[in-house]
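Spelled out, the chains give:
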Amino acid sequence: VDYASRRWGFFAVVMPTPAEGAAGPSKKDIDEFAERWVQVTERATGFGESLALEPEDWDEARLRALCAKHGWEFEWMTEDGERHRRMEIGERLAREQGASAAAAGG
């Protein structure tokens, strides 16, 4: 969003009167201050895009949707489920090793 076109008017710096004999800020200092103020104001307006917020907690519905999106199988991590998974892996490895041994000895 370009707010530069919405700005109009004048820029004023209001400050206490300098002590007697002291000089106030120079025109260069005020111009630099005004430029920095414009830059900070532009950065403070944000990036102007809409935000998409997602909850931080992962409930079952979100987990299932994530699994479906990536083609993963959903299963809660329980002791029984993990034990079953490890047994299946062990059985598959034993079958593969048995088939390899049979092919090598056959």
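Residues numbered from 1 in each chain as written. Predicted model: local features only at pLDDT ≥ 70, side-chain atom pairs only at ≥ 80, totals over all residues. Heavy atoms only, no water.

Caption draft 1: Expanded view of the overall build of the protein chain. Secondary structure summary: the protein chain contains three helices and zero strands in total. Mapped from its N terminus to its C terminus, the protein chain presents α and β elements in the order α-α-α. Taken over 106 residues, the protein chain has a buried fraction of 6%. Approximately 10000 Å² of the protein chain is accessible, and the part contributed by carbon and sulfur atoms is 56%. (Helix = DSSP H or I, 4+ residues; strand = E, 2+ residues; numbered from the N terminus. Buried < 20%, exposed > 50% of the residue type's maximum accessible area, 1.4 Å probe, protein only. Areas by Shrake-Rupley, 256 points an atom, 1.4 Å probe, with all protein chains shown as cover.)

Caption draft 2: Representation of the confidence of the model for the protein chain. The pLDDT averaged across the protein chain works out to 82; a share of 89% of its residues lies at or above 70. Confidence scores differ between elements of the protein chain, with helix H3 (residues 79-105) showing the lowest mean pLDDT of 84 and helix H2 (residues 60-70) the highest of 92. (pLDDT = per-residue confidence, 0-100.)

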